[in-house]
Amino acid sequence: MIKDYDNITLKNYENAKSIFADYGVDTEKALEEFSKIKVSVHCWQGDDVKGLEKSEGVASQNLVTGNYMGAATTGDEIRSDLDMATSLSPLKHKINLHSFYSEGNNPRNKQEYKDFSKWVSWAKEKGYGLDFNASFFTHEMMDGNLSITSTKKEVRDFWIEVGQRSREIAYQIGKELNDVCVNNIWVPDGMKDIPADRFYFRNLLRESLDAILEKKYDKKYLVDALEGKLFSIGAESFTTGSHDFYLAYAIKNNVGICMDTGHYHLTESVADKISAVSPFVSDILLHISRGVRWDSDHVVLQTDELLSLFEEITRGGLLGKIHIGLDYFDASINRVAAWAIGLRAAAKAALTALLQPFGELKKAELEGDYTKRLFVTDDMKNLPYNAVWEYILLKDNVSTGKSVIDKIKLYEKDVLSKR
Ligand code: RNT
Ligand code: ZN
């Protein structure tokens, strides 16, 4: 039954369509493009990056603050929470796993595909893709902040094996789902204070990566990515795997690069890097986050930075080519809401970018009419994107407005508060 409110949504959509048409934008085409977008959801928001290994008393190299009730502590709980979050998003989804979300008994460096079979059968059932990461943290084999660049050979060898296993598992997952599984490598390795010999540590990183990435896999199922960072808490002075290091390594060795939007100077634009880097690297993975002062991992919101990322992806014709994922964690609010807010913000930014009058902007630019380009750049902010958004939600039966938070509160009462 069509309610009054739905009628208003449909009318608003028709009006919006003609306003966009005036600006030369084909709304139906934008909707078609939108329906293909896949975003990878980071499972680690659900349990505050704790993992399923029951590693009581082991230091974590990821700083998560807050103790809001209802954190997931089992694979089943994370999966149930993820299903709830994705039901509130109009996108297509992959789920991004870390190797310490294994549900088998193998130690981290001996993990096998079957340790993740529960995740895979769930993904198959729900139609999710899967991505993967080797977890180089929260383990007694960490040498402080150091994993594959520890000065101790036995430590390096352990973590190299973790990296190799993770690629093998990701490849098997990809084959099983007949889809690409992106395996990302981020290591926390770095120094709180000034290192004496940066060359020494970067050499170790290069050697260890060479060993991890030695085996070649069919890229149809496994794509490798390397994620750099500016600094971490406890490693403020030196990060061995900086963006420059990985970018150079990725180009030389034909592997992908992961750019986490929280891992750069706050005024540095990852959006700007996409056109600079994409012609030269085999693959780009985005970890969309929101950096605030010294924290790299606040919940993603509808910011200008987020929109500019999707502007670059869509204008560069990179939709479906670039791997898009979320990466943040907040333990001070409802964790399902944290996912849903970020997913909806990403979806809205993608839709907005697809609806912008890029043709008009580009024409003005080619004609050297920078006055018109500037006018359109600002004027297009007032176009009725939200009418199209509401239409998509209605069409795909995804909650709108206040009913999103009502549903989350109900889930909190019925499920999360009982944990
Ligand atoms: C950390 C990186 C990494 C994350 C893990 C969970 O700074 O952003 O991508 O996967 O921390
Ligand atoms: Zn990241």
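Above: the structure in question.
Only a predicted model underlies this, so the values are computations on that prediction, with no experimental measurement involved.

(A) Quick look at the overall build of the protein chain. Along its length, the protein chain carries 14 helices and twelve strands. Seen along its three principal axes, the alpha-carbon backbone of the protein chain occupies a region of about 65 × 55 × 40 Å. A buried classification covers 54% of the 419 residues belonging to the protein chain. Expressed as a percentage of contacts within the protein chain between residues at least 6 apart in sequence, the contacts between residues at least 24 apart total 79%. Within the structure as shown, the protein chain displays about 19,200 Å² of accessible surface, and the carbon and sulfur contribution to it stands at 52%.

(B) Representation of unusual backbone geometry in the model. Within the chain, Arg293 stands out as a residue other than glycine whose phi angle is a positive 50 degrees. Following the sequence through the fold, Arg293 ends up in the loop between β10 (290–292) and β11 (295–298). Arg293 gets classed as exposed once you look at its relative accessible area, which sits at 67%. The phi dihedral of Asn397 falls on the positive side, at around 55 degrees, and the residue is not glycine. Mapping Asn397 onto the fold places it in the loop between α13 (385–395) and α14 (402–414).

(C) Structural view of the site of ligand 1. Within the structure, ligand 1 sits among Trp44, Val49, Asn62, His98, Trp186, Glu227, Lys229, Asp260, His263, His287 and Asp327. At a separation of 3.0 Å, an oxygen atom of ligand 1 approaches a polar side-chain atom of His98. In the model, an oxygen atom of ligand 1 is placed 3.2 Å from a nitrogen or oxygen of the His287 side chain. For ligand 1, the protein covers 100% of the area, taking 300 Å² as the surface of the free molecule. A per-class count over the shell around ligand 1 returns three nonpolar, four polar and four charged.

(D) Spotlight on the coordination of the zinc ion (ligand 2). Coordination of the zinc ion (ligand 2) by the protein is provided by Glu227 (OE), Asp260 (OD), His287 (ND1) and Asp327 (OD), with metal-donor distances spanning 2.0 to 2.1 Å. On the primary sequence, the residues serving as donors to the zinc ion (ligand 2) are separated as E-x32-D-x26-H-x39-D. Of this pair, Glu227 sits in strand β6 (residues 222–227) while Asp260 sits in strand β8 (residues 256–260), and the two are 33 residues apart along the sequence. The class for Glu227 is buried, based on a relative accessible area of 3%. The class of Asp260 is buried, set by a relative accessible area of 0%.

(E) Seen up close, the packing of aromatic side chains. Within this structure, the stated rule accounts for 16 aromatic pairs. Where Trp119 meets Trp122, the ring centres are 5.7 Å apart and the plane angle is 70 degrees; that geometry is what we call edge-to-face. In this pair, Trp119 and Trp122 both sit in helix α4 (residues 117–126), three residues apart, roughly one turn of the helix. On the accessibility criterion, Trp122 (7% relative accessible area) is buried. Their ring planes at 55 degrees and their centres at 4.8 Å tell us that Trp122 and Tyr128 sit as a pair that is tilted. Tyr128 sits in the buried class, given a relative accessible area of 9%. Chaining the aromatic ring pairs together yields one cluster made of Phe100, Tyr101, Phe137 and Trp186. Note that Arg79 overlies the ring of Trp119, its terminal NZ or CZ placed 4.7 Å from the centroid.

(F) Representation of the environment of Leu209 within the structure. If you trace the backbone, Leu209 turns up in helix α6 (residues 198–212). For the pair Leu209 and Ile148, spaced 61 residues apart in sequence, the C-alpha to C-alpha distance is 8.1 Å. Leu209 has contacts with Ile148, Ile185, Leu226, Phe245, Tyr246 and Tyr249, leaving out every residue within four places of it along the chain.

(G) Examining the pattern of salt bridges more closely. Applying the stated criterion to the full structure yields 29 salt bridges. Its salt-bridge partner being Lys38, residue Asp179 comes within 3.9 Å of it at the nearest N-O pair. Of the two residues, Asp179 is situated in the loop between α5 (153–177) and β4 (181–186) and Lys38 in strand β1 (residues 38–42); the sequence distance between them amounts to 141 residues. A salt bridge links Asp157 to Lys153, with the nearest nitrogen and oxygen atoms 2.7 Å apart. Here the residue Asp157 and the residue Lys153 both occupy positions in helix α5, the gap between them amounting to four residues, near one helical turn. Connected through shared salt-bridge partners, Glu14, Lys17 and Glu28 make up one network.

Quick notes on the rules
Residues numbered from 1 in each chain as written. Chains lettered and ligands numbered in written order. Predicted model: local features only at pLDDT ≥ 70, side-chain atom pairs only at ≥ 80, totals over all residues. Heavy atoms only, no water. Helix = DSSP H or I, 4+ residues; strand = E, 2+ residues; numbered from the N terminus. Buried < 20%, exposed > 50% of the residue type's maximum accessible area, 1.4 Å probe, protein only. Contact = heavy atoms within 4.5 Å. Areas by Shrake-Rupley, 256 points an atom, 1.4 Å probe, with all protein chains shown as cover. Near = heavy atom within 4 Å. Polar contact = N/O pair within 3.5 Å; in protein donor to acceptor, adjacent residues only side chain to side chain. Nonpolar A, V, L, I, M, F, W, Y, C, P; charged D, E, K, R; others polar. Donors = N, O, S within 2.8 Å, 3.2 Å for Na, K, Ca; no water. Phe/Tyr/Trp six-rings, centres within 6.5 Å; stacked < 30°, edge-to-face > 60°. Lys NZ or Arg CZ within 6 Å of the ring centre and 35° of its normal. Salt bridge = Lys/Arg side-chain N within 4 Å of Asp/Glu carboxyl O.

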